[in-house]
Each structure stands twice: as C-alpha cells, then as structure tokens.
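Descriptive structure summary
So you can see what is in the structure, the chains are spelled out below.
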Amino acid sequence: MFKIVSKRVLNESVHMMDIEAPMIAAKAKAGQFIILRIDEVGERIPLTIAGYDREKGIIKIIFQLVGKTTMHLGTLEAGDAIKDFVGPLGRASELEGYKKACVIGGGLGVAIAYPQAKELHKLGAEVDIIAGFRNKDLIILEDEMEQISENLYITTDDGSNGVKGFVTDILKKNLENTTYDVVIAIGPLIMMKFVAQITKAAGIKTIVSMNSVMVDGTGMCGGCRVTVGGETKFACVDGPDFDGHLVDFDEAMVRSLQYKEEEEHSCKLGGYLNG
Amino acid sequence: MVDMRKDKYPMPEQDPEVRNKNYQEVALGYTEELAVLEAKRCLNCKHKPCMKGCPVKVDIPGFIMKIKDGKFEEAYQIIAGTNSLPAVCGRVCPQETQCEELCVRAIKGESVGIGRLERFAADWHMEHTVEQEEDALTGQIKAAKSIAVVGAGPAGLTCAGDMARKGYDVTVYEAFHEPGGVLTYGIPEFRLPKDIVKKEIAILEKFGVEIMLNMVIGKILTIKELLNKHDAVFIGTGAGLPRFMKIPGENLNGVYSANEFLTRINLMKAYKFPEYDTPVKIGRNVAVIGGGNVAMDAARSAKRLGAENVYIIYRRGEEELPARLEEIQHAKEEGIIFRLLNNPVSIRGNDRGSVTGIECISMELGAPDDSGRRRPVEIKGSEHMMDMETVIVAIGQTPNPLIKSTTEELKTASWGGIIVNEETMETSIPGVYAGGDIVTGAATVILAMGAGKTAADAMDEYLKSK
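Each value, and the rule that gives it
- Every chain begins its residue count from 1, and numbering advances along the sequence as written.
- The order in which chains are written sets their letters, starting at A; the order in which ligands are written sets their numbers, starting at 1.
- Totals for whole chains, interfaces and linings use every residue, but because this is a predicted model, local features are given only for residues with pLDDT of at least 70 and side-chain atom pairs only at 80 or more, for both listing and counting.
- With hydrogens and water set aside, each side-chain value is computed from the structure's full complement of heavy atoms.
- Here the limits of each domain have been adopted from an automatic or database domain assignment.
- Contacts are assigned to residue pairs with any non-hydrogen atoms lying within 4.5 Å of each other.
- As a working definition, buried area equals the accessible area (1.4 Å probe) given up by two parts on being put together, with both sides summed.
- For this document, the term salt bridge refers to a Lys or Arg side-chain nitrogen within 4 Å of an Asp or Glu carboxyl oxygen.
- Definition of a polar contact: a pair of N or O atoms within 3.5 Å, with one able to donate and the other able to accept a hydrogen when the atoms are protein atoms, and with sequence-neighbouring residues admitted only if both atoms are side-chain atoms.
- Numbered from the N terminus, helices here are DSSP runs of H or I no shorter than four residues, and strands are runs of E no shorter than two.
- Gly is placed with the polar residues, together with every amino acid not listed as nonpolar (Ala, Val, Leu, Ile, Met, Phe, Trp, Tyr, Cys and Pro) or charged (Asp, Glu, Lys and Arg).
- To estimate how far a helix should extend, the number of its residues minus one is multiplied by 1.5 Å.
- Note on classification: 1.4 Å probe, protein chains only; a residue is buried when its accessible area is under 20% of the maximum for its type, exposed when over 50%, partly exposed between these limits.
- Patch membership requires over 30% relative accessible area and the absence of a salt bridge. Like charges are linked within 9 Å, and nonpolar side chains (Val, Leu, Ile, Met, Phe, Trp, Tyr) within 5 Å.
- Areas reported here follow the Shrake-Rupley algorithm with a probe of radius 1.4 Å; residue values treat only the protein chains shown as occluding.
- Only rings of Phe, Tyr and Trp enter the pairing, Trp through its six-membered ring, and a pair is recorded when the two centres are within 6.5 Å. The plane angle decides the type: under 30 degrees is stacked, over 60 is edge-to-face, the rest tilted.
- Two conditions define a charge located above a ring, namely a distance within 6 Å from the ring centre to NZ of Lys or CZ of Arg, and an angle within 35 degrees of the ring normal.

Moving on: the domain arrangement of chain B. Residue and element names in this part refer to chain B. Taken as a whole, chain B is organised into domain 1 (16-128), domain 2 (142-240 + 398-465) and domain 3 (244-395). Domain 2 and domain 3 are separated by 30 Å when their C-alpha centres are compared. Listed per partner, the contact involves 13 residues of domain 2 and 13 residues of domain 3. Of the roughly 1,100 Å² buried where domain 2 meets domain 3, counting both sides, 56% is carbon and sulfur surface. Contact with domain 3 buries area across many residues of domain 2, yet Y185, F190 and R191 alone supply 48% of it, more than any other trio. Between the two partners, domain 2 and domain 3, sit two salt bridges. The closest approach of N and O atoms between D297 and R191, which form a salt bridge, is 2.7 Å. At the boundary of domain 2 with domain 3, the tally comes to five residue pairs in polar contact (both at pLDDT 80 or more).

As a further point, take the interface of chain B and chain A. Tallying the contact residues gives 43 residues for chain B and 45 residues for chain A. In this assembly, chain B packs against chain A so that about 3,700 Å² is buried in total across both faces, 56% of it on carbon and sulfur atoms. By the criterion of area lost to chain A, the three top residues of chain B are K219(B), N251(B) and D277(B), representing 19% of everything that side buries. On inspection of chain B and its partner chain A, the count reaches three salt bridges. Where chain B touches chain A, the interface holds 24 residue pairs in polar contact (both at pLDDT 80 or more). Of all the secondary structure elements, the ones that give two or more residues to the side of chain B that touches chain A are β5 (241-242), β6 (255-257) and α12 (258-267) of chain B. Element by element, the count of residues in the side of chain B that touches chain A is highest for α12(B), at four residues. Of the residues in the side of chain B that touches chain A, the class split is 20 nonpolar, 13 polar and 10 charged.

The next thing to look at is helix α6 (residues 114-128) of chain B. All names here are of chain B. The end-to-end C-alpha separation of α6 is 21 Å, in line with the 21 Å expected for 15 residues at 1.5 Å each. Extensive coverage of α6 is indicated by the burial of 12 of its 15 residues. Buried residues of α6: I114, G115, L117, E118, R119, F120, A121, A122, D123, W124, H125 and M126, and no others.

This part covers a nonpolar patch on the surface. A surface patch of nonpolar side chains, amounting to about 250 Å² of accessible area, comprises V2(B), M4(B) and L43(B). One can find V2(B) in the segment before α1 (16-19).

The relation between two aromatic rings is expressed through the spacing of the ring centres and the mutual angle of the planes. The final tally for this structure, using the stated rule, is nine aromatic pairs over all chains. Note on F2(A) and F85(A): the rings are 5.7 Å apart at their centroids and 40 degrees apart in plane angle, and the pair reads as tilted. Here F2(A) is found in strand β1 (residues 2-11), whereas its partner F85(A) is found in strand β7 (residues 84-89), with 83 residues between them in sequence. Taken as a pair, F2(A) and F85(A) share a single burial class, namely buried. In textbook terms, an aromatic cluster arises when at least three aromatic residues are bridged by ring pairs, as seen for Y23(B), F190(B) and Y271(B). Above the plane of the ring of F190(B) lies R304(B), whose end atom (NZ or CZ) is 3.7 Å from the centre. Over the ring of F338(B) we find K332(B), and its NZ or CZ is 5.5 Å from the ring centre.

Structure follows, in structure tokens:
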C-alpha cells in the first residue's frame, strides 16, 4: 500500500497529492509517469509525475476529476492509501542544452508542464511559460510558475483573468519579436496540435507529451500506440515525449475517445455522475 | 495389473454450448476413481522414456505408480520435488509433444494421460493438505546468499522455487500488481483458473520465496543495483512486446493486440466490468489474426464475452496451425469459425475511427519455407471484405526491451533476445542468468520452466564456488 501523505485541492476539479513512494522518488525524473490502481477492482491509470522529493521519499501527482478512477481518487484523503503505485515509467524528458525555452500548458497540462519548466530553469535556460485555463477559477500553480519563469502569461478562454484567448494567441504574438530554441507543449491534444502547427511554420523544435490510454505501462499491451512520423510508437516506452511536428494528433484524438461510453457508464454506477 | 485399454480415460468437460458462455474451467479433471484407472495404464517402464520429454525432469512413472496405489499426496510430493508449478503444468503443457509423445503406450493407441494425472495429483494436494503440513516445510535455515529473480512468470517462479529449495534467500521482482506472468495476464480463467495459479504461488511463498510487486526492473532498480543487493540475478521477463501487422487501419479503435485484449480480461477482470473498472470492447463480429495458442485463447474469450461471430484468420492451412490440437478442437466445439488461407490486407473504419471491416486476400500453399511449412502465396485479385467491429492481432510478441536498454553490458541478439550460454543460462554478465521467452522468443510455459530450472542448477554451482 502507498500512503497519501497530503492532499491539496487546487481547484474544484484538480487535486494534488503527495504519495509516499521512496523507491520511485529516488529514481524519478521530469517527464516520467507512474501507474496507479486504487484498489482490488480498480483500473490502472497513468499519471505524470508532477514533482518528487528524494529525501522525503515522496512523489507528487496532480489529477483532474474526469473519470471513475480520478473521481474515486479525489474522495481519498491524507492518511488513506493506494493499493498499487508503479514507476517511474517512460523516458525522462531531454531538457539539457537549451538557452531559451517556451513551456506551454493547457488546463491540467500545466501541472505536467510545470516540472519541465522548473527543470529547464534549473539547467540555466531562460523560460517563458504560457498557461491556459478555461476560466479564472481553474488557474493552478500560478505562484510556482511565477518564480521560475522569465515571463509568465496566463490566458483564460473567457477573459476572467489574464489575457482572453488561447495559448496559441500568445505564442504567435511572442514569435513576432522573439524566438525559442525549443517549445514544450503539454495539454489537450487539440492544443498541442495547434501549437505544433505554429512552431512548425516557424521552424522551432517542439516536444509534446502524449498521455495515451494504457494498461501496463511497460510496452506490453500496445494500447498506447501513437503514429509518429508515419511509424507506430508506444507512448509508455518510446515516450511519453515526442516530436510535436511528427505526431498524428487526429488519430490520437480519435483513440483517446475509445472508452468514452464505458467511462460514463462506470462513473454513473459509481455514483460520481448523475443520470 | 496393467490396464491395456487403448485410449486414455476421458476427462470430464463442460458442454461446449454451456461453457462458451461462462468463464469456468472447461476441463473438469479426473476423479480419484478415474485417476487410478488411468494410472493403471502405465507400464512403469524401467528406462522411463517419458522423462526424457520433460524439461523439468519429473519422475513420471514414479508419481503415476503412487496414484495407482491411491497414495495421492506422495504422488504430489514426487512431482513437486522437481516441478514448482504442477497444477499449472498439468493444464497447459503441450504433453503431446513432450512426455506423452515418448510414452510406449502411444505406439499402439494413446499414451498414458500424464498431464491429466499430474493435474489430478496437484489438485488433490491443494484440496486435501492442511496448512500445518506446509508450514513444517518453512523455517528452514537460510543460506547467507541471496538471489534476485526478475519477473514472476513460469521461468522466474521455477528458478525461484528451485533456489528456495536449495536453501537460498530468494526475492522475486514483478512489474505487475499480481504475480504469475503469462499464467495471470495471458492464459484465460477457463483454461487455467487464477485461483490455481495463486495457490501454487502461495506454496512457493511458504518455501520462503519473497515476491515484490509493482517493481519494474530497469526503471525502479537496474540489474547492476540488484547485483549489489544480491549474489546472483535471474532475468525471466518474457516476450512482452506485441507485434503488429503494419497494415493500414491498425490504429483504429477496436483493434487490439492479443496482449492488451487478454490482459484487460484476465489480469484486470474486464469480463466482470463494471464490477471491475477496466472495460474491453467486443463487437458482434470479431476477427482474431493468427493461429497459435494465444489466438485460440483470444477467440474463445471473445465468444464468452458475447460476440456472435468469432473468426480465426490465418494465412496458412489447417495443418500448419501452430496451436495445440486440443485448443483448436475446443475452439471449434465452441463455435469459433476458422477462415484459413486468408491474410489481412487492411482494416477499414468509419468516420468515428472505429473498425467496420477487414479486407483479406486468399492464399494458397506453395513450396516449403525455412520453417519447413508450406509457404502461403497470395492469390491475385482475391481480395474480399468481411464485416468486423473488433480485430485482435495475435501474431506473436518480441522481448521486452526495458532491461536491455538499461543494462549496457548485457549482450542481446539482433531481434532483442538475451544471449546466454545454453548449458548454464548465464548471460554476458557474470552472476546474471536469463531464461524463458526473453531468451528464446515466444515459446511455451514448460520450456520457460525448464530454462528456470537449468539456471537454478548453474546458479547454485556458481554461488557455491564463489
């Protein structure tokens, strides 16, 4: 069992937890993920490692309450425990050697983008962060991002805070008078797709993180397959980071909806959704 | 008195039309009476030809004679002396190409039902042995030396069991949340009940084998780190990566690797969704590509999950099907439709990205190829469509690269398998052994177990001399 050491509600649908997992914490690197299963009947779900503390033996996870498992996880409190917690899985992000980087996060993706930005900052890069949210109530990690970025841009779809509009609007505007060695985009597939379109035209290397449906996370099931540059790759062992200019986002969007009906059914039965 | 009946005493089975709708075990096992009758068919040959066909060297006539005399627990103890997973082997070993193939009784008639008798003895033991008796086996004085086993599948568990019996301290590192490897995630409940697997593993644990779950070696710990903690390491990580066909449409929704399909069902219990959280999608029409045991398992699982029509699509003919005869027979009885001499060309989908059909081309058999089987050749212009909502690709697996990619000194073949000295199973790193599918490529449970046993013997020698 893996103990939940602490829990913080970042906004109504995004929670953060510190999990006691010293062996994983000893090895974890930015960009890697864990797979958890809450209990005996639970599903295995991948979550990106949002932070780690090697000394305290802690792995930080941030998750959005979108499906049966995450909604169930959201009901757990500090002191409760998770049955299975596996990692660190996937390849670590390659963040060395950049002078000027732009890290873009959308929604929950901000939680995953933040450790990457932090790592880039630690390695001496100048980091601009563009973080997009639907509205002001959903904004997370603002102070944390402020501390490590050269410029922090917050956008909201409805203009309730920061700039009204999308992260791509800011990116386009920035590219009018500056450029980056690398753009790292993490968030909804549609956001990563449009970011990659802009950076491709501008000739800027772009890394995206693919959070595919998977079972084992060790290359065994092949459920997480993604087409990258015309080749089939497994997000769990070949990724989760890929060259954003080569990912087939349209296919990935279709694949991400594969279990939509079952998810809704499961959420309703679990009493997490009405209907 | 030897019973000269020509064929085996039949083993009771569930009726095909009943069992293809449930997940309970198909073959029900011998009763005590049937087991004694079958045991009486054994000639108790002095030269024991059957034993030469057993990769884990079970004293076959020895245990059969005990069954004949009604000494069932003694029969079990003889088997368990060399075989760490008898109830599993009695069910899933291809006995017809191993021990039973060499049985003298097979010359005129059917061989003795060695597999069925092994299963009987193991099941009898599980049903009748009380806790205390097994506890007596534990608490042995441990050697100062410890070994690590990577992967709790057939190869790893065998190596672990043998090393524990030899008195070593054994820790098994398993990536999944359940031990068993392919016995747990791959082979379906109706062929190998998970309860049996659990009980057999529990017996190993009583011998002192410690199993650590959720440990992906290569990630959380490297082989080098294991060597710092332990005196020797055995790698039995199996053939984990699914192969795909590389044809258009393979990433449509509704296309599964057999690995994913079976893991969802067996390990994650998707057949009990929504009681269990993991779903699996089954269309009205399901195509399983491939003709091996895994393909049969996938097809029979799909049928049980409610598919109306389940097809096996295989590019060669009936005689070339690599699956065990018994599995093919069971699949046919349960209504699986065989579309042989057919090769998929593309998978088609609708505008929502879901599978709607599969395009195949008809094949004919030409001259024999490298494998000695007649090579399938496409018949020009014979492309045809079949309506399908689910496609399961069961054309084989390749070794898992996680350890290879994190262990520089480990020598591997171009296809990814670990290279070993075949007599000792030692790898290019001293003190590190490997066996099972990670060495041979996808093969059988019993071959993996044989490799685990060979490695344990060699490891013992190595550690004694160290």
